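# Understanding the architecture of this molecule
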Amino acid sequence: MTAMVNVVEILRGRGLVEAVTAPELEGVLTKPATVYAGFDPTSASLQAGNLVAVMAQAHFQRAGHSVIALIGGATGMIGDPSGKDQERQLLSVETVRRNADGIRENLSRFLDFSHPSAPARIVNNYDWLGGFSYLEFLRDVGKHFRMGTMLGRESVRARLNSAAGMSYTEFSYQMLQAYDFLHLYDTAGCTVQVGGSDQWGNITAGIDLIRRQRGAEAYGLTTPLICDSNGQKFGKSEGNAVYLNADRTSPYAFYQFFFRSADTDVIRYLKTFTFAPLEEIAGLEAQTAAEPEKRAAQRRLAVDVTRGVHGEAGLQSAERASAVLFGESMDGLNADELLDVFRDVPSIVLPRAQVAGAAVVALAELAGLCATRGAARRLIESGGFYVNNRRVADLAVTVGDGDLVNGRLLVLRSGKKNFYLVKVE
RNA sequence: GGUGGGGUACCCAAGUGGCCAAAGGGAGCAGACUGUAAAUCUGCCGGCUAACGCCUUCGAAGGUUCGAAUCCUUCCCCCACCA
């Protein structure tokens, strides 16, 4: 058998390694291993921040290892206290199930489930934890945990010292995740767990359990928490999370999120969120230094990630919309072309009677572009309001039939980049 | 349970009878400059209004007063120290 590529080295080179539990991991990975990462079904879609763990797993699979994505159908009902300062709201069984389906869809874009020798697998820990009785669990699992160790975990200590405190339920979380690791070790020969840096405690809990119960060594690798150069957690756009599902974050908005990356972040992001070879990234870095206004690195980042998540069709619609919105004029486009370009932009349908003859202030509020009439007034007075890409700074201006593209479409805009489509019927 | 300190707008925080829709900072929105970046500067930032102004807000409910975020009463919640 030919020597395997050193996946840890690849991950390091891309800034995807925060820490490993033992240096021997690299040696272990010279032979095919089974690697798992868990995903919390708190939402029906993964967020951009989750891409770090997903990419790490994809690199493992590309290097010839078997990967398992674990959806926390059971643990999601309990709530992982790691990195949270509040007790979590419990999710219903139904919600967790629905969310698990959404996440499965997201993951399928990155992991190869039909790989000939090592197909990726998705498992749900509800399948083995759901039927556990409390007594059984205490006897078979809880017995192997020491209070001192559990209380010493960072996630527990931080919460016990906080005003919010911690419930017994959340305190028990670490045992469940540890048991997952043991279960996957037993049933799939899984010896490596990958997770965010906040997962360190949960991962080592699993490693301890496997050592105690089976006398075997298991390993963990954590990925760093990605922040932008301002120290803000990665994956928020205008205060909202960036999701992978198209119905939550449109391909256009998704593309734009990456395209707007700062120069100081974009090279790091390319390494982390794309498979672009490091030599190419070095080239883009040089180009960014020489002619930053071309935004070549940002474009490459946006293109690669959007294609990965939304496919070729999603990428094309995002690029087409971006070209029109930020470059070419929208004059000369008819309503159908505009509808196509703005497919991903928020829109509202209004009856003709409410639009024709309406003052722009009223319209901005009515369409939902501004929360209140006053906000609409201020926006217009400060010169940040556009109708069909033309600035309107006068409150008294009204919209007439002649302003509607093909008599049925109006493009509103706030600031440089927030478009809003009004469909008239 | 005792004692002390608190609850002010999205967040932090000043304000102890009228000049308070409430200082300052942060976040946010917009403008200028740029490159859809960063930094900087400017404006806005409870609601309605073209504006004068009107309405609702300072933990909750009552009360005193011409007038209350500010004083009084009761209640709720939080924090610190002690038990």
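The structure this text deals with has already been given above.
Residues numbered from 1 in each chain as written. Chains lettered and ligands numbered in written order. Predicted model: local features only at pLDDT ≥ 70, side-chain atom pairs only at ≥ 80, totals over all residues. Heavy atoms only, no water.

## Some words on a nonpolar patch on the surface
On the surface, Tyr-134, Leu-138 and Tyr-168 cluster together to form a nonpolar patch covering roughly 340 Å² of accessible area. Within the secondary structure, Tyr-134 is located in helix H6 (residues 134–140). Taking relative accessible area as the criterion, Tyr-134 reaches 52% and is therefore assigned exposed. (Patch = residues over 30% accessible without salt bridge, like charges linked within 9 Å, V, L, I, M, F, W, Y side chains within 5 Å. Areas by Shrake-Rupley, 256 points an atom, 1.4 Å probe, with all protein chains shown as cover. Salt bridge = Lys/Arg side-chain N within 4 Å of Asp/Glu carboxyl O. Helix = DSSP H or I, 4+ residues; strand = E, 2+ residues; numbered from the N terminus. Buried < 20%, exposed > 50% of the residue type's maximum accessible area, 1.4 Å probe, protein only.)

## Some points on the environment of Ile-210
Tracing the chain through its elements places Ile-210 in helix H11 (residues 200–214). Among all residues touching Ile-210, those that are not within four sequence positions of it are Phe-181, Leu-182, Tyr-185, Gly-215, Ala-216 and Ala-218. (Contact = heavy atoms within 4.5 Å.)

## Brief notes about the packing of aromatic side chains
A complete count under the given rule lists 15 aromatic pairs for this structure. The aromatic ring of Tyr-386 is capped on one face by Arg-413, whose charged end is 3.9 Å from the ring centroid. (Phe/Tyr/Trp six-rings, centres within 6.5 Å; stacked < 30°, edge-to-face > 60°. Lys NZ or Arg CZ within 6 Å of the ring centre and 35° of its normal.)

## What about the sheet that holds strand E13 (residues 418–424)?
Sheets are built from strands paired through backbone hydrogen bonds, the pairs being either parallel or antiparallel. Taken in spatial order, the five strands make up an open sheet running E9-E13-E12-E10-E11, and their pairing is mixed. The sheet is open, and its two borders are formed by strand E9 (347–350) and strand E11 (390–391), each paired with just one other strand. Pairing analysis gives two bridges linking strand E10 (residues 385–387) to E11, with the strands arranged antiparallel. Looking at E11, one finds that Val-387 is bridged to Arg-390. (Pairing = 2+ DSSP bridges.)

## Considerations on the protein's contact with RNA strand B
Every one of the 31 residues lining RNA strand B counts as a neighbour, but Ala-262, Asp-263, Arg-373, Arg-378 and Lys-416 are closest to it. In the interface set of RNA strand B, defined as its atoms within 4 Å of the protein, sugar plus phosphate atoms amount to 64%. A distance of 2.6 Å is found between a base oxygen of RNA strand B and a side-chain nitrogen or oxygen belonging to Lys-416. Those elements giving two or more residues to the surface near RNA strand B turn out to be helix H12 (251–259), helix H15 (296–326) and helix H19 (373–381). With five residues, the single largest contributor to the surface near RNA strand B is H19. Looking at the surface near RNA strand B residue by residue, the class counts come to seven nonpolar, 13 polar and eleven charged. (Near = heavy atom within 4 Å. Polar contact = N/O pair within 3.5 Å; in protein donor to acceptor, adjacent residues only side chain to side chain. Nonpolar A, V, L, I, M, F, W, Y, C, P; charged D, E, K, R; others polar.)

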